Amino acid sequence: LVVLGIETSCDDTAAAVVRGNGEILSQVVSSQADLLARYGGVAPKMAEEAHIKAIDQVVQEALDRANLTAKNLSAVAVTIGPGLSLCLRVGVQKAHKLAGSFNLPIVGVHHMEAHTLVARLTERELQFPFMALLISGGHNLLILARDLGQYIQLGTSIDDAIGEAYDKTAKWLGLDLRRSGGPAIEELAREGDAASVKFSTPMQHHKDCNFSYAGLKTQVRLAIQSRNINAETPISSANSQDRVARADIAASFQRVAVLHLEERCERAIEWARRIEPSIEHLVVSGGVASNKYVRARLDTVVKKKNIQLVCPPPSLCTDNGVMVAWAGIEHFRVGRFDPPPPAELPVDFMYDVRPRWPLGEEYAEGKSEAR
Ligand code: ATP
Ligand code: FE
């Protein structure tokens, strides 16, 4: 079994070839970080154009590096949601073209499920049921994975995701955005004093497993304004006093942002145990999971609760094609895939993209519990 995975849901064009046994034959990511830095965020139309420009080459390179041609593939897996519709369509069209020409089945993949399942590639012992904390630019989810395709959502963000808060904080602190904001904050925070700025932890009065980062973002913005930090002055040109002030904010922000994760995870483990008493693992995935401080803090939480943390390596936490190929493999194995499309699709063919697509059902008892 050899599967090509294609990912275009947000700002990275990615493809990879993975074998059924989990062997990664190739992995290619073309990032739009430069575009993002210039325009300060993802503009769908621009992201779509960048995907269109990159997709053929990214897929070809993934095949070349795997020493394969499309003929050798067993199936094509592609992210069909959630994400930006314009962007998703680029990947889905490419998958259909390839699958049509080479008579390959297609597996439509849920982006957040792929972030979750990739942990089963890196940690071969990881069995269902397990828990997952998915933390990225667009999502903040606590999931109980009972079985393949069977998920219960224990918590989600009621506004922004943590990655968004990292990215905005980085922008307001004048950090170099040619790489994404998260790693820049992580690095600067090491120089700062995490106790110096008193940010309050979100949602203290909500005894549930949901998240909120909009309020923390506002607190950070106000702290930056009151210290006269100017985002127009890049950190590289800041004097030492200014640099310390910025580092203190980065460290204080990070401490509270992650404390919020810790508190919610602790509660979610208790909730999950009522449904599945045998859970032994918490998977942490999504871009923010590549953060070492995040990993270390969550490790103390799971130790206290007597379960194990499973963190894929950073290159598999941020958006990538491997996770899509792997999720495709898992579904393909149990017969969940679409038959090969015709080589010539009708011009008005409706591609199946699902820009909004929840992962599993909400945990209903959570609401009454929280009161
Ligand atoms: P989603 O998965 O919700 O659709 P996305 O695909 O944009 O969002 P990912 O590529 O999974 O997200 O993650 C990107 C996010 O991860 C960005 O917000 C980025 O700042 C953050 N991130 C990456 N590395 C780190 C890090 N070391 N520390 C904190 N945040 C990080
Ligand atoms: Fe993602």
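Not measured: the values here are computed from a predicted model. (Residues numbered from 1 in each chain as written. Chains lettered and ligands numbered in written order. Predicted model: local features only at pLDDT ≥ 70, side-chain atom pairs only at ≥ 80, totals over all residues.)

Quick word on the overall build of the chain
Consideration 1: Tallying secondary structure elements over the chain gives twelve helices and eleven strands in all.
Consideration 2: Computed over its C-alpha atoms, the radius of gyration of the chain comes to 21 Å, within 12% of the 21 Å expected for a compact globule of 371 residues.
Consideration 3: Dimensions of the chain, computed from the C-alpha atoms along their principal axes, are close to 60 × 50 × 35 Å.
Consideration 4: Here the chain, with 371 residues, has 50% of them falling under the buried criterion.
Consideration 5: Relative to all contacts within the chain whose residues are 6 or more apart in sequence, the contacts with residues 24 or more apart total 77%. (Helix = DSSP H or I, 4+ residues; strand = E, 2+ residues; numbered from the N terminus. Rg over C-alpha atoms; globule rule 2.2 N^0.38 Å. Buried ≥ 20, exposed ≤ 12 C-beta atoms within 10 Å, placed from the backbone. Contact = placed C-beta atoms within 7 Å.)

Side note on the site of ligand 1
Consideration 1: Around ligand 1 sit 23 residues in total, of which Gly137, Gly138, Gly163, Gly182 and Gly287 are the nearest.
Consideration 2: Of all the secondary-structure elements, those providing two or more residues to the shell around ligand 1 are helix 5 (162–172) and helix 6 (181–189).
Consideration 3: The leading source of residues in the shell around ligand 1 is helix 6, at four residues.
Consideration 4: Split into classes, the residues belonging to the shell around ligand 1 amount to four nonpolar, 16 polar and three charged. (Near = placed C-beta within 6 Å. Nonpolar A, V, L, I, M, F, W, Y, C, P; charged D, E, K, R; others polar.)

Examining unusual backbone geometry
Consideration 1: Note that the residue after Gly81, namely Pro82, is joined by a cis bond; omega there is -15°.
Consideration 2: Checked against the element boundaries, Pro82 lands in the loop between strand 4 (75–81) and helix 3 (85–102).
Consideration 3: Even without glycine at this site, Asn228 takes up a positive phi of about 55°.
Consideration 4: If you trace the backbone, Asn228 turns up in the loop between helix 7 (214–226) and helix 8 (240–275).
Consideration 5: In this structure, Asn306 takes a positive phi of about 65° despite not being glycine.
Consideration 6: Among the secondary structure elements, Asn306 is positioned in the loop between helix 9 (292–304) and strand 10 (308–310).
Consideration 7: Classification of Asn306 as exposed rests on a count of 8 C-beta atoms within 10 Å.

Here's the deal with the pairing of strand 2 (residues 12–19)
Consideration 1: Within strand 2, seven of the eight residues are buried, which leaves the element mostly enclosed by the surrounding structure.
Consideration 2: The sheet contact formed by strand 1 (residues 2–7) and strand 2 spans six bridges and is antiparallel. Following the sheet pairing, Gly5 is matched in strand 2 by Ala16.
Consideration 3: Between strand 1 and strand 2, which pair antiparallel and follow one another directly, the connecting turn spans four residues.
Consideration 4: Pairing of strand 2 with strand 3 (residues 24–31) involves seven bridges; the strand directions are antiparallel. (Pairing = 2+ DSSP bridges.)

Things to note about the confidence of the model for the chain
Consideration 1: Averaged over all residues, the pLDDT of the chain is 95; the fraction at 70 or higher stands at 97%.
Consideration 2: Both confidence scores are given for the complex: pTM 0.96, ipTM 0.98. (pLDDT = per-residue confidence, 0-100.)

Digging into the sheet that holds strand 4
Consideration 1: Taking strand neighbours across the sheet as the criterion, the five strands line up as 3-2-1-4-5 in an open arrangement whose pairing is mixed. Every other strand in the sheet has two partners, leaving strand 3 and strand 5 (106–110) as the edge strands with one partner each. On average, adjacent strands in this sheet sit at an angle of 20° to one another, irrespective of strand direction.
Consideration 2: Lying on the sheet, helix 11 (residues 321–333) is in contact with strand 1, strand 2, strand 3, strand 4 and strand 5; it crosses strand 1 at an angle near 130°. (Axes fitted to C-alpha atoms, helices over the stretch in contact; angles between N-to-C directions.)

Remarks on helix 9
Consideration 1: Over its 13 residues, helix 9 extends 19 Å from the first C-alpha to the last, a length consistent with the 18 Å expected when each residue adds 1.5 Å.
Consideration 2: Residues of helix 9 that are buried: Val294, Leu298 and Val302. The arc that holds the buried residues of helix 9, viewed along the axis, is 60°, so those residues lie on one side. Set apart from the buried face of helix 9 by more than 90 degrees, the exposed residues are Lys292, Ala296, Thr300, Lys303 and Lys304.
Consideration 3: If you follow the buried residues of helix 9, they end up packed against helix 8, strand 9 (281–285) and strand 10. (Expected span 1.5 Å × (residues − 1). Arc of directions from axis to C-beta.)

Comments concerning the packing of helix 5 against helix 6
Consideration 1: Taken N-terminus to C-terminus, the directions of helix 5 and helix 6 make an angle of 70°; their axes are 8 Å apart at the nearest point. In terms of axis orientation, helix 5 runs roughly perpendicular to helix 6. The element helix 5 and its partner helix 6 pack so that their crossing is left-handed. On helix 6, the residues touching Gly163, Tyr166, Asp167, Thr169, Ala170 and Lys171 of helix 5 are Gly181, Gly182, Ala184 and Ile185. (Parallel < 35°, antiparallel > 145°, perpendicular 65-115°, else oblique. Left-handed = near helix turned anticlockwise from the far one by under 90°.)

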